[in-house]
Amino acid sequence: KNAAKFMEEIYKEKDDVVPVMIGGDHFCTFPIVKAVGDHFEVKEKFGVLIFDAHLDLYEEWDKGVYSHATISHRIYDLKYVNNKNLLIVGTRDIDIPEYEIAHDENISYFNAYEIEEEGINTYIQKIIKFFEKSEITHLYISIDIDALDPSIAPGTGFAIPGGLSYRDLWLILREIAK
């Protein structure tokens, strides 16, 4: 509630601000995404790109619906987020319940290993094409530290080998910004 209220106050001061949030458990992203999405008059023009080793699509985790393992599901639950404007990239540790939700709901995700198989430029173009099809004009980007390979981000609580390099992430962000 405090994070969402803080965003509302920021928007009162400057309507076209570009929020940046750093740190905290990945679930801290949810109230910010909701506040940003709620701010837009035409909500169908809002999209979410999540960099994460996991889908985080659990309905419930450790007896709760508000968790680092449920963040993508809570975002997907928002009325204006759907399988056309939500994309998860950098995945490589997907549990069966999450896979089933992604499959049943047709939620798109791109595994990190695809960078090696098809090349970084093709991977980037897939991301860009996904959002071009959705016709969004505003994109919220969330980066879970575990999207990066643990060899360069060893402090993550869920170290899954085969993640993005700093250069991969930088190239993706640079091209999306264009």
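The text that follows walks through the structure, step by step, so that each part is easy to find.

## Comments concerning the packing of aromatic side chains
In step 1: In total, this model carries seven aromatic pairs according to the counting rule given.
In step 2: Centroid distance phenylalanine 46 to tyrosine 80: 6.0 Å. Interplanar angle 70°. Geometry classified as edge-to-face. One end of the pair, phenylalanine 46, is in strand 1 (residues 46–51); the other, tyrosine 80, is in the loop between helix 3 (71–77) and strand 2 (86–91), and 34 residues separate them in sequence. No difference in accessibility class separates phenylalanine 46 from tyrosine 80, as the two residues are buried.
In step 3: Centre to centre, the rings of tyrosine 58 and tryptophan 61 are 4.8 Å apart; their planes meet at 55°, and the pair counts as tilted.
In step 4: For tyrosine 58, a relative accessible area of 13% gives the class buried.
In step 5: Note on tryptophan 61: relative accessible area 34%, which makes it partly exposed.
In step 6: Members of the aromatic cluster, connected to one another through ring pairs, are Phe27, Phe30 and Tyr66.

Scoring rules and cut-offs
- Residues numbered from 1 in each chain as written.
- Predicted model: local features only at pLDDT ≥ 70, side-chain atom pairs only at ≥ 80, totals over all residues.
- Heavy atoms only, no water.
- Phe/Tyr/Trp six-rings, centres within 6.5 Å; stacked < 30°, edge-to-face > 60°.
- Helix = DSSP H or I, 4+ residues; strand = E, 2+ residues; numbered from the N terminus.
- Buried < 20%, exposed > 50% of the residue type's maximum accessible area, 1.4 Å probe, protein only.

All we've got here are geometric facts, nothing functional implied.
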